[in-house]
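Commentary on secondary and tertiary structure
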Amino acid sequence: MPWTSKGREHVPSWDRRLTAAGVGDPALRADYSTAARVFARRILAHYAAVRLLVAPALHPHVVASYAFLARTDDLADQGPLEQRLPRWHAWAEQVTDGLSSGHADDPVLRAFLHTVAVRRLPHHWVHTYLKATTEELHFAGHATEADFQRYVDHLALPALMLIEDLQYEGGGDEVFRSRCRSFAEGLQRLDFLTDLTDDLKEGRLYLPQEDLDRLGVTRADLEQGQDTPAVRELVALTCDRTRKSLTESRALADATVPGFRPLQRALLDLAEHQLSRVESAGAAVTRRAVGYGVRVPLAVLFRERRRLSRQSRELPNSRR
C-alpha cells in the first residue's frame, strides 16, 4: 500500500491497514479494533509510534501483539495476589487452549491468535512467556546476576519476540534472535532503573542482591532514597551494563525488515535517550521515576516520519 497520495504524504487509515494485513472478516476486524483501543489506552506513546512508523501490512499484527502483552501484564499485576491468581490462571488456560484450537472468547486474544497464525509466530515464545509470568506472580527478587539472566531468557526475551518475530513469517533466524536478546537485556535493566521507585513501593526489587551486597547497599537505603556513594555506584554499575547491551543491540536495525525498521531505530534511540536521563539522575532514581520527556521522543518520531516521506517520494523514481 502506498504511503503517498497525489504527491502528498499521508498515513493510511485503520481500515486500509487491516485490508493490507489481510484481515477481511468483519468480526475479526472488530477484534483488531478492540485490540487497538486497548493498546492505545495502555501505552499511547508506543501506539503513536507504531501507528506512524510501521508498514500498513505489519501494523495490525504489531498492534495485536502489544495489546495481548498489555492485557496479560494487567491481569498478572493489578489487584491483590489472592484476586490475581484465579484470574491469571483462567487467562493463561484460555491462551494455551486458544493456541491449540485457534478460538477464544476474548476479542484481544482472538486478534492475537489470528496474528500468531498468519505470521506463523513460534508458539514456544508464548508458552515460555506465560510460564515465566506465572512464576513472576510469586517473585521474591534476583539473588544473583545469573538469576537475572535467566529472567531475561524466560520472560523479557519471549515478550520482546512476540513483537520482533512478527517481521518474519515463522520467526527470524538465530542471528536475529541473538540481537533481540541483547535488546531485551538492555530494555529490562533500563526498566528496573526507571521503575525502581514504583517497584520498591510495591515491595519488589529487581536489581540482583549480590550487587547490593558487594557494594554495601541495603534495601532500606533504596527504599529511603539515600544518596550515598554506594547507591550512586550501584546505579552507575547498572547503567554501564545497560549501555553495553543497548550498544550491542544496535546491530538489530540491520537485521530488521524495511517495514519495521523505522520503529526499530526509534525504539533503540529512545532507550538510549532514557538511559542518558537515568545516568544524569543518578541516585535520584530511588526517589522518582525517570521517563522519556517530550522533546526528544517527538524529535525521533518526526525524524523517522521525514525519512519515510523521503523514501516514498524517491520510490517512483527508482522504478523508472
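Look a little higher up for the structure.
Before going into details, it helps to say that this report is about the structure given with it. (Residues numbered from 1 in each chain as written. Predicted model: local features only at pLDDT ≥ 70, side-chain atom pairs only at ≥ 80, totals over all residues. Heavy atoms only, no water.)

Summed over the entire model, instances satisfying the criterion amount to 12 aromatic pairs. Their ring planes at 80° and their centres at 5.4 Å tell us that Phe-39 and Tyr-47 sit as a pair that is edge-to-face. What links up through ring pairs into an aromatic cluster is the set Phe-139, Phe-148, Tyr-151, Phe-192 and Tyr-206. (Phe/Tyr/Trp six-rings, centres within 6.5 Å; stacked < 30°, edge-to-face > 60°.)

Take the pattern of salt bridges next. Applying the stated rule across the entire model yields 28 salt bridges. Glu-174 is paired through a salt bridge with Arg-177; the nearest N and O atoms lie 3.2 Å apart. Note that Glu-174 and Arg-177 are positioned in helix H9 (residues 174–194) at a spacing of 3 residues, about one turn of the helix. Classification of Glu-174 by relative accessible area gives exposed; the value is 53%. Note on Arg-177: relative accessible area 24%, which makes it partly exposed. One salt-bridge network, in which partners are shared between bridges, spans Glu-145, Asp-153, Arg-181, Glu-185, Arg-189, Asp-211, Arg-214 and Arg-241. (Salt bridge = Lys/Arg side-chain N within 4 Å of Asp/Glu carboxyl O. Helix = DSSP H or I, 4+ residues; strand = E, 2+ residues; numbered from the N terminus. Buried < 20%, exposed > 50% of the residue type's maximum accessible area, 1.4 Å probe, protein only.)

In terms of nonpolar packing, the biggest core is built from 100 residues, with Phe-68 and Leu-162 touching the most fellow members. In terms of residue count, helix H8 (residues 145–164) provides more of this core than any other element does, 11 residues in total. In this view, Phe-68 contacts Trp-91, Val-95, Val-108, Leu-109, Phe-112, Val-126, Tyr-129 and Leu-162; residues no more than four positions away in its chain are not counted. (Core = buried A, V, L, I, M, F, W, Y, C linked by side-chain atoms within 4.5 Å. Contact = heavy atoms within 4.5 Å.)

Here we come to unusual backbone geometry. Residues other than glycine seldom take positive phi values, yet Arg-120 does so here, at roughly 50°. Take Arg-120: it is sitting in the loop between helix H6 (107–118) and helix H7 (123–136).

We now examine the environment of Gln-94. Its place among the elements puts Gln-94 in helix H5 (residues 81–101). For Gln-94, a relative accessible area of 24% translates into the label partly exposed. Note: C-alpha distance between Gln-94 and Ala-104 (10 residues apart in sequence) is 6.8 Å. With residues up to four places along the chain from it excluded, the contact list for Gln-94 reads Ala-104, Asp-105, Asp-106 and Leu-109.

Right, let's get into the packing of helix H2 (residues 26–42) against helix H4 (residues 59–77). Between H2 and H4, whose axes approach to 8 Å, the crossing angle comes to 60°. Compared by their axis directions, H2 and H4 come out oblique. Both H2 and H4 take part in a crossing whose hand is left-handed. From H2, Tyr-32, Ala-35, Ala-36, Val-38, Phe-39 and Arg-42 reach across to H4, where they touch Pro-60, His-61, Val-63, Ala-64, Tyr-66, Ala-67, Ala-70, Arg-71, Asp-73 and Asp-74. Each residue belonging to the contact of H2 with H4 can be placed in one class, and the counts come to 11 nonpolar, 1 polar and 4 charged. (Axes fitted to C-alpha atoms, helices over the stretch in contact; angles between N-to-C directions. Parallel < 35°, antiparallel > 145°, perpendicular 65-115°, else oblique. Left-handed = near helix turned anticlockwise from the far one by under 90°. Nonpolar A, V, L, I, M, F, W, Y, C, P; charged D, E, K, R; others polar.)

What follows concerns the side chain of Thr-238. Mapped onto the elements of the fold, Thr-238 is located in helix H13 (residues 229–248). The class for Thr-238 is buried, based on a relative accessible area of 4%. Looking at Thr-238, its side chain comes within polar contact range of the main-chain oxygen of Leu-234, at 3.0 Å. Those residues within four positions of Thr-238 in sequence are excluded, and the remaining contacts are Arg-189, Leu-193 and Leu-207. (Polar contact = N/O pair within 3.5 Å; in protein donor to acceptor, adjacent residues only side chain to side chain.)

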